[in-house]
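Structure at a glance
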Amino acid sequence: MKHPDDDNELFNRLEAEMSTDPGGEVVDLDKARSARIGSADPTARPDADPSTDSDPSRSDAESADPTAPGMVDLPTAKAAGPGYLGRLLAAQRRPVVPMWLKSVPELKTATAWVARHYAHSVGYHALRSPVYAARLTLQAPSGAAKFVGGTMRWAADREGEPVRLAAVRREDAAEYLKLSRQRDGRVRLRALVTVLAMFTGLGSALAIYVLAPAWLQAVSVGAVVMALGAAGRRADAPVIHRAVELPKAVKLTSDIVLRSLGSLGIPAINQAQGKGRDGFEFTAPITRDGPGWRAEGNLPYGVTVTDIIERRERLASGLRRPLGCVWPEAVPDQHTGHLVLWVGDQDMSKAKKPAWPLLKSGSTDLFKPVAFGTDQRGRWVEITLMYIAAVIGAIPRMGKTFLLRLLLLIAALDPRAELHTYDLKGTGDLDPVGERVAHRHRAGDEEEDIEYALRDLRALREELRRRAKVIRSLPRDICPESKVTSELANKKSLGLHPIVVGVDECQVWFEHEKYGKELEEICTDLVKRGPATGIVLLLATQRPDAKALPTGISANASARFCLKVMGQLENDMVLGTSAYKRGVRATMFSWGDKGIHYFVGEGSDARIVGSVYVDAPNAESIAARARKLREAAGTLSGHALGEEPETDASTSYDLLADLLAVIPADEPKVWSETVVSRLAELRADVYDGWAPEALAAALKPHGVSTVQVGRRVDGKVVNRRGVDRSHIVASIAERDGNRDAG
């Protein structure tokens, strides 16, 4: 918007400079302050002449009543703030070249769509051209009759007959005679033109018949027949039908935007519009932005973009557009009342998406961005799977599992990646990836499935520790940032290839009464330290609450995908604290917005993304291609080759029960050294080699901590870490009680 002082500022500056007294002297500020303080008149100016010869009018004009109230905004003062040049320096320049023109993939996609559209139209009409010709031929007699009749009516000046009859009815002889003479003149002229045209036409037809070649005669006759056929067509029976039915979307105008905002029931907007104002300040013209319209501006004072987002359904009603077409957004670097309203031509969930580049061919590099969905405008949105831990949350049947499978397919197309997939829902949705390429895979939530996963996660935690040592031992010039890079992942000798763990319905793990706390502890460690060592954890849940998605995991996930959820708590558990207050609300998605979600990641603010839909047959095809890549690279391993992990006896024991077995009731507290020694005697294959530190770490997931235990040795009291038997009993009681309740 143009500032009111822009036109006059430069002129005012020049005028002030020209009017400055060149003979003025520099004022000594110290003397001026002393004069002001020592003056008897509190309103006296430091530059006032103290002599009796000073101008009295000047003194009166520059004095003021010291008791008069001060004005906050002086009417003669100019508005404070940056000047014209300052505002120019802070101005946001809109790009000269549109963003879609800078993106080669988007330009190729748009060009391909336009080419296919017109190729389809040409082919459609070319195939039906004989039918069109037959219709026009059949309508030619009717067209000829209409042409002759129209010509005769024109020559006879029939269009003026109602006016002449009106003059007769009024018995206005003078006007009738005037109209009759005018009509006679028109008829003579038009009759002459008609006769000349008839002779010219007949002469031309005779010349073509006698002198023209056969092809020209055929073309001429065909053109005349087609023209007469077109003239004879009926309004309700068009000869040519549309090859493509384009969606009809009303152009977005300022009146429509203001009308829709006024229908939301927001008092500040309604009051402004009731007083004749707009209630919305447009900061840019409404323009086309991809397959839709973009309106941008400032809401009234006190109204935020969140207020608009909360009323998205009413906003769509005011715009008379489907809900999936209306997307109000906040601008992160602007104030909270700056609204960007994008209105699409089609519902986002129904609009046809461009073909996914990886659907038919290609591979990926997990260290580079890969397209996984499109935004409201149909532009590709990319994700880099390395260096992240991701959380996917949604209510059932909104596309959560399909999104997780899509990310796993992207990982599978990097032949270096080692996949660990767990379908705790047990329906086999992850089988296309798990059965063909995964190193570890399990579907189901039975006890043996949980134990299988626990053994795998324990091994992954040990692998994380090994990788950390390897990275720490590498020279700085090879590993400058102390994390896995694509070059390091290519070195098979280092064993730093990407590891991607995908878990659907992860709440089954964390709510397990026996292994839940240990699984939570390991996953939290993988979320915090895994990305730097090349381990990626993808967790999906339909119950995004504190129990199903522990805070230690949700708070440290660097990538978040939130499809439709029902409340603020679930929204903030997935998208981060205060996301709901900032206007990032996955609660606004409708039941038809399957696959559409808020995506937070890639170093940017929350974006609305519609993920690529890959059905089961296509998933099988992509997984088969990924398997071939692994076979060629020699990286296929584990479950995909039919290999099962070695049996781990540590998951078949109950640590708490074993502790009660080695700590009798008459020993309320026992040193950890004594406990691990007794445990080794009880189960050497499990506990042999355990140290007191290992015991403390194993007890931590069960909520049991070691305590100080004092013993008298050789007459002296020695304090060491130990186990309190009552804590073990209480933990078992709590666990069994939860199991019975479940």
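First, a word on scope: everything that follows refers to the structure included in this document. (Residues numbered from 1 in each chain as written. Predicted model: local features only at pLDDT ≥ 70, side-chain atom pairs only at ≥ 80, totals over all residues. Heavy atoms only, no water.)

Focus on the nonpolar core
In terms of nonpolar packing, the biggest core is built from 70 residues, with Ile308 and Trp509 touching the most fellow members. Looking at which element gives the most residues to this core, the answer is helix α17 (residues 447-473), with seven residues. For tryptophan 509, the residues in contact, after removing those within four places along its chain, are Tyr422, Leu424, Ile450, Ala453, Leu457, Val503, Gly516, Leu519 and Cys523. Ranked by size, the runner-up nonpolar core spans 58 residues in total, among them Leu404, Leu409, Ala438 and Val536. (Core = buried A, V, L, I, M, F, W, Y, C linked by side-chain atoms within 4.5 Å. Buried < 20%, exposed > 50% of the residue type's maximum accessible area, 1.4 Å probe, protein only. Helix = DSSP H or I, 4+ residues; strand = E, 2+ residues; numbered from the N terminus. Contact = heavy atoms within 4.5 Å.)

Some points on the pairing of strand β8 (residues 418-423)
With respect to burial, β8 is a largely interior element, six of its six residues being buried. Pairing of β8 with strand β10 (residues 499-504), which is carried by six bridges, proceeds in the parallel orientation. Bridge assignment links leucine 419 to a residue of β10, and that residue is valine 500. As defined by bridge partners, β8 adjoins strand β9 (residues 440-443) across four bridges and the pair is classed as parallel. Of the residues in β9, the one forming a bridge with histidine 420 is arginine 440. Viewed along the sheet, the connection from β8 through helix α16 (residues 431-437) into β9 turns out right-handed. (Pairing = 2+ DSSP bridges. Right-handed = clockwise from strand over helix to strand, strands pointing away.)

Let's talk about the pairing of strand β17 (residues 716-724)
In the sheet, strand β15 (residues 669-671) pairs with β17 via three bridges, with the strands oriented antiparallel. Paired with valine 670 across the two strands is valine 723, which belongs to β17. Turn length for the strand β16 (residues 707-713)-β17 hairpin, with the two strands adjacent in sequence and antiparallel, is two residues, and the turn residue aspartate 714 shows positive phi of about 55°.

What to know about the sheet that holds β15
Strand pairing within a sheet occurs via backbone hydrogen bonds; the two strands may be parallel or antiparallel. Spatially, three strands are ordered β15-β17-β16 in an open sheet, and the strand pairing comes out antiparallel. Taken across any chain shown, the strands that pair with only one partner, and hence form the sheet edges, are β15 and β16. Put simply, the sheet's adjacent strands are angled 55° from each other on average, direction ignored. Here β16 pairs with β17 via seven bridges, running antiparallel. Residue pairing for β17: arginine 711 is matched across the bridge by valine 718. (Axes fitted to C-alpha atoms, helices over the stretch in contact; angles between N-to-C directions.)

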